[in-house]
Amino acid sequence: MIPKNSRACLETPASAASITAAYSARSGRGVDGAAAVAALLTQGDPGAQAVWDCAVDALATALAAVTTCFAPASWSGSPSSGVPNWSGANSETRQRAWARR
């Protein structure tokens, strides 16, 4: 798991190998890949939930950064307004994306 607001490559928290390693480190149990962690997630495993949340958070942050770079008009109603217009995103995603601007 990477600390909140740190800078790292997306592979660190979100690759299949990293998800597997993070779950094993957190739980003390070996698993056979990220698909196994996903299966544990559907069974309500709190360790799997924490690892999966970290990976999804990293992916959402990366998507926000790419969107800002390549599609700035999608950030706001008008390119110069500076107010995010992510009506389809949940409030947590909007807050995270806005904080990283």
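If you're wondering where the values come from, they're calculated on a predicted model, not measured in any experiment.

Thresholds applied
Residues numbered from 1 in each chain as written. Predicted model: local features only at pLDDT ≥ 70, side-chain atom pairs only at ≥ 80, totals over all residues. Heavy atoms only, no water. Core = buried A, V, L, I, M, F, W, Y, C linked by side-chain atoms within 4.5 Å. Buried < 20%, exposed > 50% of the residue type's maximum accessible area, 1.4 Å probe, protein only. Contact = heavy atoms within 4.5 Å. Axes fitted to C-alpha atoms, helices over the stretch in contact; angles between N-to-C directions. Helix = DSSP H or I, 4+ residues; strand = E, 2+ residues; numbered from the N terminus. Parallel < 35°, antiparallel > 145°, perpendicular 65-115°, else oblique. Left-handed = near helix turned anticlockwise from the far one by under 90°. Arc of directions from axis to C-beta.

Draft legend 1. Representation of the nonpolar core. Formed by Ala14, Ile19, Ala22, Tyr23, Ala34, Val37, Leu40, Ala48, Val51 and Ala55, the largest nonpolar core amounts to 10 residues. Excluding residues that lie within four positions of it along the chain, isoleucine 19 makes contacts with Pro13, Ala14, Ala34, Val37, Val51, Trp52 and Ala55.

Draft legend 2. Highlighting the packing of helix 3 (residues 34–42) against helix 4 (residues 46–70). At a minimum axis separation of 8 Å, helix 3 and helix 4 run at an interaxial angle of 120°. Taken together, helix 3 and helix 4 sit at an angle that is classed as oblique. The way helix 3 lies across helix 4 gives a crossing that is left-handed. Taking contact as the criterion, the partners of Ala34, Val37, Ala38, Leu40 and Leu41 in helix 3 are, on helix 4, Ala48, Gln49 and Trp52.

Draft legend 3. Structural detail: helix 3. Of all the positions in helix 3, only Ala34, Val37 and Leu40 are classed as buried. For helix 3, the buried positions fall inside an angular range of 110° around the axis, keeping them on one side. Pointing more than 90 degrees away from the buried face of helix 3 are the exposed residues Ala35 and Thr42. Tucked into the core, helix 3 has its buried residues touching helix 2 (16–27) and helix 4. Directly after helix 3, the chain includes glycine 44, whose backbone phi takes a positive value near 85°.

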